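Architecture at a glance
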Amino acid sequence: MVNGPTGNGQVGHNRPSLRLHVPEPKFRPGDDVDFSHLAVTMPGAQPRPDESCEASETNTLASDLVRVLGDDNQAHGPWDPRLDPDTLRDMLEKMALTRAFDERMYRGQRQGKTSFYMKSTGEEATSVAPAMALASDDMVFPSYRQQGILITRGYPLVEMINQIYSNRGDKLKGRQLPIMYSSRAHSFFTISGNLATQTPQAVGWAMASAIRGDSRIAATWLGEGSTAEGDFHSACIFAAVYNAPVILNVVNNQWAISSFSGFAGGERTTFAARAVGYGIAGLRVDGNDPLAVYAASQWAANRARANGGPTLIEHFTYRAEGHSTSDDPSAYRSAQERNEWPLGDPIMRLKDHLIAIGEWDEDRQAALDLECAEKVKAATKEAEKNGILGHGLHHPFHTMFEDVYEDLPWHLEEQAAQAIRERKIKWPQA
């Protein structure tokens with residue numbers, strides 16, 4: 001007897017019914033949290049292949065977890081980058097400054113000084129450590145939670161705040177959503193709110209660098225949810241085919257707004273395992289271990305610079321707070337998750353490491369935190385002289401119509417003139 005549809009279009013009853021699988025996070029609001037299901041490997045247990053190895057030699061590392069810092073706060077194994085204490089302190093300062101910046105900008109949004117903000121709490125190592133491992137003129141194509149890169153590269157805090165406030169000091173003239181920075185001088189490509197578009201752009205830039213015989217490489221960042229976008233996969237295939245000198249950083253912080261990582265395929269395998277299918281090098285790294293992140297980024301950068309091709313790095317981390325100021329994570333995940341996360345906090349781990357090796361102490365940490373807070377406070381006051389949201393101290397309305405046409409059409413000239421007249425009526429003293 002042939003199994004198949006019956007004459008009336010119904011499936012034969014001798015077949016089992018199909019069931020659609022819908023990913024579901026393990027913990028919801030009010031649930032107890034137990035992360036024992038996560039395979040957290042021992043620091044130092046992962047081999048470090050030569051940077052010129054075949055991509056296939058990294059396949060096991062795409063499902064493992066590269067770690068350096070142990071529970072004893074010491075560095076272990078072949079991935080230890082052996083950074084000197086001054087460099088470690090500099091890394092700690094940059095991460096602390098990034099967190100202090102986030103805290104004040106978050107409060108500014110709650111005070112109505114800007115419309116929107118996104119914090120990187122718990123993820124500082126995934127931007128600061130790679131930025132320190134890259135050359136200062138390597139081109140970076142970030143997502144919207146990599147403010148640590150700009151801070152590490154010395155971009156003025158005042159300019160960042162001007163952009164967030166969209167005031168008259170904003171070099172982007174208020175045309176970008178707050179936190180979507182751009183700085184050609186700092187090799188920082190304009191952030192886009194369209195997910196994953198930066199990945200093929202980074203690969204294309206890296207290909208152009210190779211065509212020109214340049215020495216600069218590219219690096220890009222995206223969240224694990226964005227790996228479900230077609231642009232990410234286009235980037236991977238182009239990077240693989242043309243051996244582009246690029247680093248693809250996937251920041252797996254477990255959540256894409258209210259959707260957990262399973263909706264992007266995280267239940268089936270690791271995000272670093274995408275590299276295996278494309279035939280490129282892949283590393284899965286403890287994203288809350290600044291030394292491991294630095295070492296993996298340095299390895300990938302050296303490989304790209306030596307024409308070894310692309311590397312995909314999954315930074316396994318946790319988004320400690322909301323997706324943005326428009327998000328309330330208590331509506332979809334347990335409040336205990338942040339405290340139960342087994343990989344800890346990147347700033348605390350680096351601080352504890354420096355203390356363990358005799359290069360830091362709690363008093364100096366307290367002084368650093370205060371210094372960072374005061375630095376951000378001073379920058380904020382300076383930026384607020386250029387205006388905050390809603391009071392009218394913005395770029396002239398005419399700039400809404402500029403930088404698109406070489407010669408402004410007559411109807412836009414009329415609209416600009418009308419906008420200026422209305423502005424003078426509303427704010428006669430401006």
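Everything numeric here is computed off the predicted structure, so don't read it as measured data.

**Here we look at the overall build of the chain**
Per the secondary structure count, the chain includes 12 helices and seven strands. Judged by the C-alpha coordinates and their principal axes, the chain covers about 85 × 75 × 55 Å. For the chain, buried positions account for 50% of its 430 residues. In the chain, once contacts between residues fewer than 6 apart in sequence are set aside, the share between residues at least 24 apart is 74%.

**Topic: the environment of G282**
Relative to the helices and strands, G282 resides in strand β6 (residues 281-286). The exposure class assigned to G282 is buried, which follows from its relative accessible area of 1%. For G282, the residues in contact, after removing those within four places along its chain, are T58, L61, A62, A272, A275 and L312.

**A closer look at the pairing of strand β7 (residues 311-316)**
Most of β7 sits inside the fold, with six of its six residues counted as buried. Looking at chain direction, strand β3 (residues 246-252) and β7 are connected through six bridges and run parallel. Paired with N252 across the bridge in β7 is F316. The pairing of β6 with β7 spans six bridges and is classified as parallel. Bridge assignment links G282 to a residue of β7, and that residue is L312.

**As for the environment of H398**
Following the sequence through the fold, H398 ends up in the loop between α11 (362-384) and α12 (410-426). Residues H398 and E422 lie 24 residues apart in sequence; the distance between their C-alpha atoms is 12 Å. The contacts of H398, once residues within four sequence positions are left out, are L408, E413, A416 and I420.

**Here we look at the packing of helix α1 (residues 85-110) against helix α4 (residues 157-165)**
Interaxial distance between α1 and α4 falls to 12 Å at its minimum, and their mutual angle equals 30°. On the basis of the axis angle, α1 is roughly parallel to α4. For the element pair α1 and α4, the recorded crossing hand is right-handed. Side by side, α1 and α4 meet where L97, F101 and M105 of the first sit next to L157, M160, I161, I164 and Y165 of the second. Class assignment of the residues belonging to the contact of α1 with α4 gives a composition of eight nonpolar, no polar and no charged.

**Quick notes on the pattern of salt bridges**
Enumeration over the complete set of coordinates arrives at 26 salt bridges. Taking the shortest distance from any N to any O, the salt bridge between E123 and R145 comes out at 3.9 Å. With E123 in the loop between α1 and α2 (125-133) and R145 in the loop between β1 (139-141) and α3 (147-152), this residue pair connects regions lying 22 residues apart in the sequence. The exposure class assigned to E123 is buried, which follows from its relative accessible area of 2%.

**Considerations on a nonpolar patch on the surface**
Together, I237, F238, V241 and Y242 make up an exposed nonpolar region whose accessible area comes to about 410 Å². Structurally, the position occupied by V241 is in helix α6 (residues 230-241). With a relative accessible area of 56%, V241 lands in the exposed category.

**Looking at helix α5 (residues 198-212)**
Given a rise of 1.5 Å per residue, 15 residues ought to cover 21 Å, and the 21 Å separating the end C-alpha atoms of α5 matches this to within 8%. What α5 keeps buried is the set Q198, T199, A202, V203, A206, M207 and S209. Here the buried face of α5 lies against β1, β2 (218-223), α6 and β3. Taken from the residues just after α5, G213 is the one with a positive phi, measuring 75°.

**Let's talk about the packing of α2 against helix α8 (residues 290-305)**
Packed helices, taken two at a time, are described by the angle between their axes plus the distance between the axes. The contact between α2 and α8 brings their axes to 8 Å, and the two run at 45°. Classed by the angle they form, the pair α2 and α8 counts as oblique. Of the two possible hands of crossing, α2 and α8 adopt the one that is right-handed. Note on element contacts: α8 touches α2 through P290, V293, Y294, S297 and Q298, opposite A125, T126, A129, P130, M132 and A133.

**Considering the nonpolar core**
Within the largest apolar cluster, 70 residues are counted, with the highest numbers of intra-cluster contacts made by M91, F101, I179 and Y181. At 10 residues, α8 tops the list of elements feeding residues into this core. Setting aside its immediate chain neighbours within four residues, Y181 contacts F101, Y117, Q147, L150, M160, Q163, I164, L172, F188, F189, T190 and I191. In terms of nonpolar packing, the next biggest core, distinct from the first, is built from 22 residues, A218, L222, A244 and A275 among them.

So, how was this worked out
- Residues numbered from 1 in each chain as written.
- Predicted model: local features only at pLDDT ≥ 70, side-chain atom pairs only at ≥ 80, totals over all residues.
- Heavy atoms only, no water.
- Helix = DSSP H or I, 4+ residues; strand = E, 2+ residues; numbered from the N terminus.
- Buried < 20%, exposed > 50% of the residue type's maximum accessible area, 1.4 Å probe, protein only.
- Contact = heavy atoms within 4.5 Å.
- Pairing = 2+ DSSP bridges.
- Axes fitted to C-alpha atoms, helices over the stretch in contact; angles between N-to-C directions.
- Parallel < 35°, antiparallel > 145°, perpendicular 65-115°, else oblique.
- Left-handed = near helix turned anticlockwise from the far one by under 90°.
- Nonpolar A, V, L, I, M, F, W, Y, C, P; charged D, E, K, R; others polar.
- Salt bridge = Lys/Arg side-chain N within 4 Å of Asp/Glu carboxyl O.
- Patch = residues over 30% accessible without salt bridge, like charges linked within 9 Å, V, L, I, M, F, W, Y side chains within 5 Å.
- Areas by Shrake-Rupley, 256 points an atom, 1.4 Å probe, with all protein chains shown as cover.
- Expected span 1.5 Å × (residues − 1).
- Core = buried A, V, L, I, M, F, W, Y, C linked by side-chain atoms within 4.5 Å.

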